[in-house]
Amino acid sequence: QVQLIESGGGLVQAGGSLRLSCKASGLTFSLYMMTWFRQAPGKEREFVATISAGGTNTYYADSAKDRFIISRDNGKGTVYLQMNSLKPEDTAVYYCAADRSIRTIVREKDIDYWGKGALVTVSS
């Protein structure tokens, strides 16, 4: 049974930082590219960041570049999203997602497994 469980969401003030974690189980974590998506209220889900299976390569949405850092610990089966300089527009449900394919661009249709999401609220 594959499970992706996000944690670390919550309320933070604008300019602050938050670190999301996604613990994976039921799959060989080191074989999967891991991606963070987010969905703000009333908006479509959008790509945030991706990290390759070995952790060598990372890719970010323009909105996340220079503020967010994606990382992973394959020994712990966990992917992280360090979010700095948070803005109110970062408020969203953040979803962890796993993809067995090798890609430089990850779309929703590419995802094999999804987490249930973690709410991040950034107050102004």
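Here's a quick rundown of the structure. (Residues numbered from 1 in each chain as written. Predicted model: local features only at pLDDT ≥ 70, side-chain atom pairs only at ≥ 80, totals over all residues. Heavy atoms only, no water.)

1. Details of the pairing of strand 1 (residues 3–7)
Two faces, one strand: in a regular strand the side chains alternate between the faces of the sheet.
No. 1: What you see with strand 1 is a clean split: Leu4 and Glu6 sit on the buried side and Gln3, Ile5 and Ser7 on the side with no burial.
No. 2: Pairing geometry for strand 1 and strand 3 (residues 18–25), over five bridges, is antiparallel. Within strand 3, the position partnered with isoleucine 5 by the bridge is lysine 23. (Buried < 20%, exposed > 50% of the residue type's maximum accessible area, 1.4 Å probe, protein only. Helix = DSSP H or I, 4+ residues; strand = E, 2+ residues; numbered from the N terminus. Pairing = 2+ DSSP bridges.)

2. Section: the sheet that holds strand 1
No. 1: Here we have four strands laid out as an open sheet, ordered 1-3-8-7, and antiparallel in their pairing. Two strands lie at the open edges of the sheet, namely strand 1 and strand 7 (68–73), each paired on one side alone. On average, adjacent strands in this sheet sit at an angle of 15° to one another, irrespective of strand direction. (Axes fitted to C-alpha atoms, helices over the stretch in contact; angles between N-to-C directions.)

3. Details of the environment of leucine 31
No. 1: Relative to the helices and strands, leucine 31 resides in the loop between strand 3 and strand 4 (33–39).
No. 2: Note on leucine 31: relative accessible area 43%, which makes it partly exposed.
No. 3: For the pair leucine 31 and glycine 9, spaced 22 residues apart in sequence, the C-alpha to C-alpha distance is 26 Å.
No. 4: Those residues within four positions of leucine 31 in sequence are excluded, and the remaining contacts are Ala53, Asp99 and Arg100. (Contact = heavy atoms within 4.5 Å.)

4. Some points on the environment of aspartate 99
No. 1: Topologically, aspartate 99 is positioned in strand 9 (residues 92–99).
No. 2: Given the relative accessible area of 0%, aspartate 99 is considered buried.
No. 3: On a C-alpha basis, the gap between aspartate 99 and serine 52 in space is 9.5 Å, while along the polypeptide they are 47 residues apart.
No. 4: Residues in contact with aspartate 99, not counting those within four places in the same chain, are Leu31, Tyr32, Met33, Val106, Asp110, Ile111 and Asp112.
No. 5: Of the polar contacts made by the side chain of aspartate 99, one reaches the backbone nitrogen of serine 101; its length is 3.0 Å. (Polar contact = N/O pair within 3.5 Å; in protein donor to acceptor, adjacent residues only side chain to side chain.)

5. Some points on the pattern of salt bridges
No. 1: The final tally for this structure, using the stated rule, is six salt bridges.
No. 2: One salt-bridge network, in which partners are shared between bridges, spans Arg38, Glu46, Arg67 and Asp90. (Salt bridge = Lys/Arg side-chain N within 4 Å of Asp/Glu carboxyl O.)

6. So, unusual backbone geometry
No. 1: Positive phi, normally seen in glycine, also occurs at aspartate 66, with a value near 75°.
No. 2: Note on placement: aspartate 66 falls in the loop between strand 6 (58–60) and strand 7.
No. 3: Phi at serine 85 takes a positive value of approximately 50°, unusual for a residue other than glycine.
No. 4: Mapping serine 85 onto the fold places it in the loop between strand 8 (78–83) and strand 9.

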